[in-house]
Amino acid sequence: MANATATSTSTAFVYKGTDKKGKVIQGEIHGQSTALVKAQLMKQGVRVKTVRKKPKPLFGGKKAIKPLDIAIFTRQMATMMKAGVPLVQSFEIVADGVDNKSLTELIMAIREDVASGTGFAPSLRKHPKYFDDLFCNLVESGEQSGALETMLDRIATYKEKTEATKAKIKKAMTYPIAVLVVAIVVTGILLVKVVPQFAETFSNFGAELPSFTLFVLGLSDIAQQWWWVILIGMIVSGFLFKEAKQKSKGFAKAIDRYSLKIPVVGAILYNSIMARYARTLSTTFAAGVPLIDALQSVAGATGNIIYQEGVLSIRDEVSTGIQLNSSMRSSNLFTSLMNQMTAIGEESGALDEMLDKVAVYYEEAVDNMVDSLTSLLEPMIMSVLGILVGGLMIAMYLPIFQIGNVV
C-alpha cells in the first residue's frame, strides 16, 4: 500500500489491517488525526486493525538539508517535468523517493503552496535558507517564459557543477586539517602521558641533560599543568574567529583578501571564484535575466567579499552604459582569459556560451590543482608527523645514548 502524501502540518502514523482479499498489510500514512487516518484507509479499502503515531527515533533527529540535496531535488524535478509529469504530481513523486525527512517536508510544503495557486518561485521564496535569490529568480524567469523544465535543467546543472567545485576544495582543505588535528592530539598525549615517565627515569641519572631534552621536558610540564587552559583557549579562539568573521565585515574582508595570497591554496580559491563567476553569469544570462540583475546575483555567488564588492561595482558601471568587459578590465580582479572571452562574447552576441567555456576551463583547473595539492601534501604531512613524534622520541633517548657512550 502506497503511503499517503504528507503535508507540512500532518503527522506520521503507522497502521496494520487487511485488504479486500483478507491479506494482512501494514505501512505508514500521514494525516491530521487518528480518526481521519482511519477514514482515509477505509476509503482505500483497508480494514483497519491498529493505527498509532509513528514513534520518533531515540537518537538523533532530522537530517539537515544540504546544498547537494537541493541540487538533486532540482535535477529530479527537471527530469519529471521533461517527461511530461504535471508540476504538483512531480513534487509528490520526488518527495516519495527522498530518504531525508526534512527534505520531504520541505518539498511537500512547497507542493501545498503550489497546489493552492501560489507560483513556484513565490513558494520557493518562503524558504530562503535553501533557495537563494538566484535560484528563485531563475525559476521565476522559467515560469514567465513558459520553459520551466528547461530552466530547472539549467539550474540543476549549475548547482551540480558549483557543488562539485566546492566539494573538491573542501576535500583539499579537510585532509591536511584532519591530519594536523591528529598530530596535535598525539603530541599532547605523548607530552602528558609518555614524557613524564622518562622524566622520572632521568631524575635518577644525576647528570646534566641535553638542551633538547630539557626543552621537551619543559613543554611536558606546561602541558600537564595547563592542558585544560590550552584546550579551552583553542575552543574559544575558534568560536571567536567564527563569530568575528560572521559579524565583522572588515575582519571577513581581510580573511578573504589574505586567503587568496596563501601559496597553492590561494590559487585554488582564485580559480574557483573565476569558475563560479563565469558559471553563474552564464546561467543567468542564458535564462534571459537582464545583465544588471544577473550581476546582482553573481555578486553573492562569488563566495568572497572582495569579489562581491567588485562585481557590485561592475554592475553600477554597466548600468551607466559601460561595456561589461571594459568594467571588468578596470577592476583588475579578473584574468586576461576571462576579460578576453567576455569581450568576444559581447561582440558576437554569445556571452553565455563564452562564459560557459570559461567556467569549464576553470573548473577543470580547480580539479587538477586539488589533485596536485593532495599529492604534494601527503609526503609533507608524513614529514611533519615524523618530525613531531620522532623529535619527541629522540629528545627522550638522547640522555640514554649519552650514558651509553660514557660507559
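I will try to describe carefully the structure that is included in this document. Quick caveat: nothing in here was measured; it's all calculated off a predicted structure.

## Quick word on the overall build of the protein
- Across its full length, the protein holds 15 helices and three strands.
- For 407 residues, the compact-globule formula gives about 22 Å, and the C-alpha radius of gyration of the protein, at 30 Å, lies well above that figure.
- Each of the three principal axes of the protein carries a C-alpha extent, and together these read 95 × 70 × 35 Å.
- Here the protein holds 407 residues, and the buried ones make up 38% of them.
- Counting contacts in the protein only where the partners sit at least 6 residues apart, residues at least 24 apart contribute 59% of the total.
- Just so you have it, the protein exposes about 22800 Å², and 60% of that area is on carbon and sulfur atoms.
- Charged side chains of the protein number 42 positive and 36 negative; the gap between the two group centres comes to 10 Å.

## Some thoughts on the sheet that holds strand 1 (residues 11–18)
- Spatial strand order, 2-1-3: three strands in an open sheet with antiparallel pairing. For this open sheet the edge positions go to strand 2 (24–31) and strand 3 (47–53), each flanked by a neighbour on one side alone. Within the sheet, the average angular offset between the axes of one strand and its neighbour, ignoring direction, is 25°.
- Note that strand 1 and strand 3 share six bridges and pair antiparallel.

## A short note on helix 4 (residues 101–115)
- Taking 1.5 Å per residue as the helical rise, helix 4 with its 15 residues ought to reach 21 Å, and the 21 Å between its terminal C-alpha atoms agrees with that figure.
- Within helix 4, eleven of the 15 residues are buried, which leaves it mostly tucked inside the rest of the structure.
- Buried within helix 4 are the following residues: Ser102, Leu103, Thr104, Leu106, Ile107, Met108, Ala109, Ile110, Arg111, Asp113 and Val114.
- Tucked inside the fold, the buried residues of helix 4 contact helix 2 (67–82), helix 3 (87–96) and helix 5 (120–125).
- With a side-chain oxygen positioned 3.0 Å from the backbone nitrogen of Ser102, the residue opening helix 4 is Asn100.
- Where helix 4 terminates, the next one or two residues include Gly117, which has phi positive at roughly 110°.

## A short note on the packing of aromatic side chains
- Within this structure, the stated rule accounts for nine aromatic pairs.
- Arranged with centres 5.9 Å apart and planes meeting at 80°, the rings of Tyr307 and Phe334 form a pair that is edge-to-face. Placement of the pair is Tyr307 in helix 12 (residues 305–319) and Phe334 in the loop between helix 13 (324–331) and helix 14 (336–348), with a sequence separation of 27 residues. Accessibility assignment for this pair places Tyr307 and Phe334 in one class, buried.
- Through successive ring pairs, a cluster of aromatic residues spans Phe73, Phe91, Phe120, Phe131 and Phe135.

## As for the nonpolar core
- Formed by 62 residues in total, the largest nonpolar core has its most connected members in Phe120, Tyr277, Leu324, Phe334 and Met338.
- The contact partners of Phe334, leaving out residues within four places of it in the chain, are Tyr270, Met274, Tyr277, Tyr307, Val311, Ile314, Met328 and Asn339.
- Counting twelve residues, the second largest nonpolar core, distinct from the first, contains Leu209, Val216, Leu217 and Leu392.

## Describing the side chain of Ser272
- Mapping Ser272 onto the fold places it in helix 10 (residues 265–286).
- We classify Ser272 as buried; its relative accessible area is 1%.
- Within the structure, Ser272 has its side chain in polar contact with the backbone oxygen of Leu269 (distance 2.6 Å).
- Setting aside residues no more than four positions away along its own chain, Ser272 makes contact with Thr165, Ile169 and Val366.

## So, the packing of helix 7 (residues 148–202) against helix 8 (residues 211–247)
- Running from amino to carboxyl end, helix 7 crosses helix 8 at an angle of 125°, the nearest separation of the two axes being 9 Å. Between helix 7 and helix 8, the angle is such that the two are oblique. Helix-helix and strand crossings are classified by hand; for helix 7 and helix 8 the assignment is left-handed. Every residue of helix 8 that contacts helix 7 at Leu191, Val192, Val195, Pro196, Ala199 and Phe202 is listed here: Thr213, Val216, Leu217, Leu219, Ser220, Ala223 and Gln224.
- Taken together, the residues of the contact of helix 7 with helix 8 break down into ten nonpolar, three polar and no charged.

What counts, and at which threshold
Residues numbered from 1 in each chain as written. Predicted model: local features only at pLDDT ≥ 70, side-chain atom pairs only at ≥ 80, totals over all residues. Heavy atoms only, no water. Helix = DSSP H or I, 4+ residues; strand = E, 2+ residues; numbered from the N terminus. Rg over C-alpha atoms; globule rule 2.2 N^0.38 Å. Buried < 20%, exposed > 50% of the residue type's maximum accessible area, 1.4 Å probe, protein only. Contact = heavy atoms within 4.5 Å. Areas by Shrake-Rupley, 256 points an atom, 1.4 Å probe, with all protein chains shown as cover. Lys, Arg positive; Asp, Glu negative; His and termini not counted. Charge placed at Lys NZ, Arg CZ, Asp CG, Glu CD. Pairing = 2+ DSSP bridges. Axes fitted to C-alpha atoms, helices over the stretch in contact; angles between N-to-C directions. Expected span 1.5 Å × (residues − 1). Polar contact = N/O pair within 3.5 Å; in protein donor to acceptor, adjacent residues only side chain to side chain. Phe/Tyr/Trp six-rings, centres within 6.5 Å; stacked < 30°, edge-to-face > 60°. Core = buried A, V, L, I, M, F, W, Y, C linked by side-chain atoms within 4.5 Å. Parallel < 35°, antiparallel > 145°, perpendicular 65-115°, else oblique. Left-handed = near helix turned anticlockwise from the far one by under 90°. Nonpolar A, V, L, I, M, F, W, Y, C, P; charged D, E, K, R; others polar.

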